[in-house]
Amino acid sequence: MADVDPHPSAHEVFVGGAMADVDPSPRCRWGGCAGAVRRRAGRGAELIPVAAGGGRGRRVQLLPGQSVPGEEAVLTLRYVCELPLEPDGAARYVLPTVLCPRYAPHRSDGEDVTQGVLRVPQQELPYTLSLSATLQSPHGINRVLSNCPLTPLSYTARNQTTAQVSLAQAPPWDQDVELLVYYTEPHKPSVVLEAGLPGAKPGSLMVDPAVMVTLLPRAPEAVLAQSRAGEFIFLLDRSSSMTCPVGSRDLFPQRINSAQETLILLLKSLPLGCYCNIYGFGTEFESFYPQSVEYTQQTMAESLQRVQLLQANLGGTRILEPLRAIYRSPCRDGHPHQLFVFTDGEVENTQDVITEVWRHRGTHSTGWTPPALPLPSGLCVPPHPPCRCFSFGIGDVVSTALIKGIARAAGGSAEFITGQDRMQPKVLQSLKRALQLAVTGISLSWDLPPGMQAQLLHRGPEVIFAGQRCLVYAQLRGQPQVREQNPRPGMPPDLRPPDTPMGGVTLQYGIQDQTYKETLQFSLQPQDGDRLPVHRLAAKLLLLEGAVDAGSEGARHWALEASLSSGVICSLKAYVGVDMEQGQPVQGPLVRWDVPQPDFFREYAEMIDCVSIREIPIDRVYERPASRVRLDEPNHYSIFGCLSRDLHAAQRMPEKSPLLRLVSLQNADGSWDLDPQLAAVLGVSETDARERIPSAGVTPSIWATVLAVVWLHDRAMGQRDEWELLEAKAVGWVRDRAGARLSECLKAANA
């Protein structure tokens, strides 16, 4: 038996009207395990999806059936999901490179379930990996980037709406394979129409054609210096496990230290006039203030002092009670509630936590009332409410179900920080989204031929924030009344071509006081196929992300029928292994087969023995451009390179980076004071800096702020995602006070 973690890695995946048909082909040769596998009668292979349980994410067990030693078996996986979007609009596809549990849960006796798995050198692994992807988008494919070498992108259509790409060589086994797909017009709405399933039961979810409408409006960025609205709550896991390293090796920084640095950046990036508070939780919880306080220089300084003293000393991981305390606090007029959750573990009551977030999804938003939901009785799907929850999973054993569930319940986003990822850029990008203008007043209207009508499968969005994609699913029912074209004279009636039936959908929305309207035309001849990804995505939305009323027999019957016909799991369905030759359930316990894993620790140890640490050429870790290695630059993922980065991180962690030292000196209004501490960071003396003030009308604070901003662009450009918000505050402050002298200051600072 092999355990597979189907992260958003799939045979077929969808993202906003664009389809990626991915063929990951892991080739496994059965070795000396034939006796164990042969215990399962029959030659047919069985695929048993297991629903999320215990908060450890979803896994799939593969029962390969009877094989003989040395024989190859081909296992085909089909998994449909919506790909997450990166801040720059790219769709991110991730494929785990090793068929083994991504997360290492503990058994009831406390032993790690992977403790007995054989570790072998990379060259002795009994499997390889090849991957090819077919991409489709109605608006064109621009480029594809990866952390692994790729073959050149090959377009299969003249208008560049379809393309193919493959891995140029087998990837290294110490990282996932990642693809970033960039589309030509990512913000243009699109429509995908898919035919129903032939022979499906009338009235079921799978019988009628399904439509997926993609909305990704481009909202103008808010000017941070003018944005004062918002109540920002930071909920930090302070359980004892937060003392562990972020990655799987001891050389990575401790999770609590990374969280402290992130909180400093967050506090420095908030706009004046908003409200904030910080909670810590473990077995018990505590907060900096009884209620959120206004963000001022005094409250910021006090909060920073407390952040420096934070420790992972609150015991276990119980998040439900602090959430309830947060939701009990009174909301403030005109300040939408934004919750940021940081945790590295799992909880016993995952569904209770998600339900709590769901129940309060609209309670901290003034003047917002959820509309009625046009769904079958007992079924409901969350709207996109104005108050949101951003969740961040830290480390390799965090609960996927918890992190994704609370973000989804409150219309936010989920991020995971593992290995060499830096927490700071991911969190600051989420804060940037939280400060953006919202797209409101969203409405969809359909223009269909007589005889057809569209029915939404869930409630449409109420609010979409900048960078947030929204997918709307609907079904088309009825048949269009086709009109014939004007025939050419003498053409027989049976040869007259009919009109191609066309449909239309109009999207209308508002940004501030501006109203926008876009109309999309699409053919009513649906795409045929047996995979039906649009139908299955709609079923997943209703069954996995919606709430089924256990007291409604009609809703239970509808959900069970939709689950069986679509193949999407739900809580009402179980899977049983069946011997297809005998037509009988498989009896007896499952026999475990451990797939060997690469032994990176042994290779690291060997390299430490033969390489002097002082001789290792190392990067400047604190000036890395993103939370992971840039995908648009040539990269070399040797064990040596990973080791050098790890050793360098270990050497640098005890002291603050120059960037963090500079950020720590910034005032709440965005300015800096010209003092010895700032001069030390800038690498000059305070006396020399004061002597270089360009004119008498420029105050020391204006000059210090200009110098600090120039330093950011000159010395920390690679970490711009982490400081662009606090820089926006600084630029706004300087412009208001320097006036016409700003150009003079910039010229002197650059000199």
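Here the structure is a predicted model, which is why all the values come from computation and not from measurement.

(A) Geometry of the overall build of the protein. Summing up its helical and strand segments, the protein has 17 helices and 33 strands in all. Looking at the protein as a whole, 52% of its 751 residues qualify as buried. The contacts of the protein with a sequence gap of at least 6 include a subset with a gap of at least 24, amounting to 73%. When the accessible area of the protein is evaluated, it comes to approximately 34600 Å², of which 50% is carbon and sulfur surface.

(B) Region of the structure containing the pattern of salt bridges. Per the counting criterion, the structure on display carries 15 salt bridges. A salt bridge links aspartate 344 to arginine 255, with the shortest nitrogen-to-oxygen separation between them at 2.7 Å. Taken together, the positions of aspartate 344 in the loop between β20 (337-343) and α5 (350-359) and arginine 255 in helix α2 (residues 255-269) put the pair 89 residues apart, joining distant regions of the chain. Residue classification places arginine 255 among the buried positions, given a relative accessible area of 8%. Residue glutamate 261 is joined to arginine 422 by a salt bridge in which the shortest nitrogen-to-oxygen separation is 3.2 Å.

(C) Quick look at the side chain of histidine 335. Assignment of secondary structure puts histidine 335 in the loop between α4 (320-328) and β20. Judged by relative accessible area, which is 15%, histidine 335 ranks as buried. Among the polar contacts made by the side chain of histidine 335, one reaches the main-chain amide nitrogen of glycine 230 at a distance of 3.0 Å.

(D) Quick look at the sheet that holds strand β26 (residues 464-465). Here we have four strands laid out as an open sheet, ordered β26-β24-β28-β29, and antiparallel in their pairing. For this open sheet the edge positions go to β26 and β29 (514-523), each flanked by a neighbour on one side alone. Relative to strand β28 (residues 502-511), strand β24 (residues 438-447) is paired through seven bridges, and the arrangement is antiparallel. Each residue of the ladder has a partner; that of tryptophan 446, found in β28, is valine 505.

(E) Representation of the packing of helix α8 (residues 533-543) against helix α9 (residues 553-566). One way to put it is that α8 packs onto α9 with a least axis distance of 10 Å and a crossing angle of 145 degrees. Between α8 and α9 lies a crossing of left-handed hand. Contact residues: Arg536, Ala539, Leu542 and Leu543 in α8; Trp558, Ala559, Ala562, Ser563 and Ser566 in α9. Tallied by class, the residues present in the contact of α8 with α9 amount to six nonpolar, two polar and one charged.

(F) How the structure looks around the packing of aromatic side chains. According to the stated counting rule, one finds six aromatic pairs in the structure shown. Summarising the aromatic geometry, the rings of phenylalanine 234 and phenylalanine 340 are spaced 5.4 Å apart at their centres and angled 55 degrees between planes, so their arrangement reads as tilted. In this pair, phenylalanine 234 is assigned in strand β16 (residues 231-237) and phenylalanine 340 in strand β20, connecting sequence segments 106 residues apart. An aromatic cluster of at least three residues, connected via ring pairs, comprises Phe234, Phe340, Phe342, Phe390 and Phe392. The side chain of arginine 143 reaches across the aromatic face of tyrosine 182, ending 3.9 Å from its centre. The ring of tyrosine 289 is capped by arginine 306, whose NZ or CZ atom sits 5.2 Å from the centre of that ring.

(G) Geometry of the environment of proline 425. With respect to the secondary-structure elements, proline 425 resides in helix α7 (residues 423-434). In this structure proline 425 comes out as buried when scored by relative accessible area, which is 5%. Taking the C-alpha atoms as reference points, proline 425 and glutamine 719, 294 residues apart in sequence, are found 7.6 Å from one another.

(H) Representation of the sheet that holds strand β10 (residues 141-146) in the model. Strand order in the open sheet formed by three strands is β7-β13-β10, and the pairing between neighbours is antiparallel. Looking at strand neighbours, the two that pair on one side only are β7 (91-95) and β10, the edges of this open sheet. Shown here is a sheet whose adjacent strand axes are inclined to one another by a mean of 20 degrees, direction ignored. Here β7 pairs with strand β13 (residues 177-183) via five bridges, running antiparallel. Pairing of arginine 92 across the sheet is with leucine 180, part of β13.

(I) View of unusual backbone geometry. Residues other than glycine seldom take positive phi values, yet glutamine 160 does so here, at roughly 60 degrees. By relative accessible area, which is 34% here, glutamine 160 ends up partly exposed.

(J) Local environment of the pairing of strand β17 (residues 275-281). Within β17, seven of the seven residues are buried, which leaves it mostly tucked inside the rest of the structure. Residues Tyr275, Asn277, Tyr279 and Phe281 of β17 are buried on one face, and the alternating residues Cys276, Ile278 and Gly280, pointing to the opposite face, are buried as well. Looking at chain direction, β17 and strand β19 (residues 293-294) are connected through two bridges and run antiparallel. Looking across to β19, one finds that tyrosine 275 is bridged to glutamate 294. Note that β17 and strand β18 (residues 285-287) share three bridges and pair antiparallel. Looking across to β18, one finds that phenylalanine 281 is bridged to phenylalanine 285. Counted along the chain from β17 to the antiparallel partner β18, the turn is three residues long.

Conventions we followed
Residues numbered from 1 in each chain as written. Predicted model: local features only at pLDDT ≥ 70, side-chain atom pairs only at ≥ 80, totals over all residues. Heavy atoms only, no water. Helix = DSSP H or I, 4+ residues; strand = E, 2+ residues; numbered from the N terminus. Buried < 20%, exposed > 50% of the residue type's maximum accessible area, 1.4 Å probe, protein only. Contact = heavy atoms within 4.5 Å. Areas by Shrake-Rupley, 256 points an atom, 1.4 Å probe, with all protein chains shown as cover. Salt bridge = Lys/Arg side-chain N within 4 Å of Asp/Glu carboxyl O. Polar contact = N/O pair within 3.5 Å; in protein donor to acceptor, adjacent residues only side chain to side chain. Pairing = 2+ DSSP bridges. Axes fitted to C-alpha atoms, helices over the stretch in contact; angles between N-to-C directions. Left-handed = near helix turned anticlockwise from the far one by under 90°. Nonpolar A, V, L, I, M, F, W, Y, C, P; charged D, E, K, R; others polar. Phe/Tyr/Trp six-rings, centres within 6.5 Å; stacked < 30°, edge-to-face > 60°. Lys NZ or Arg CZ within 6 Å of the ring centre and 35° of its normal.

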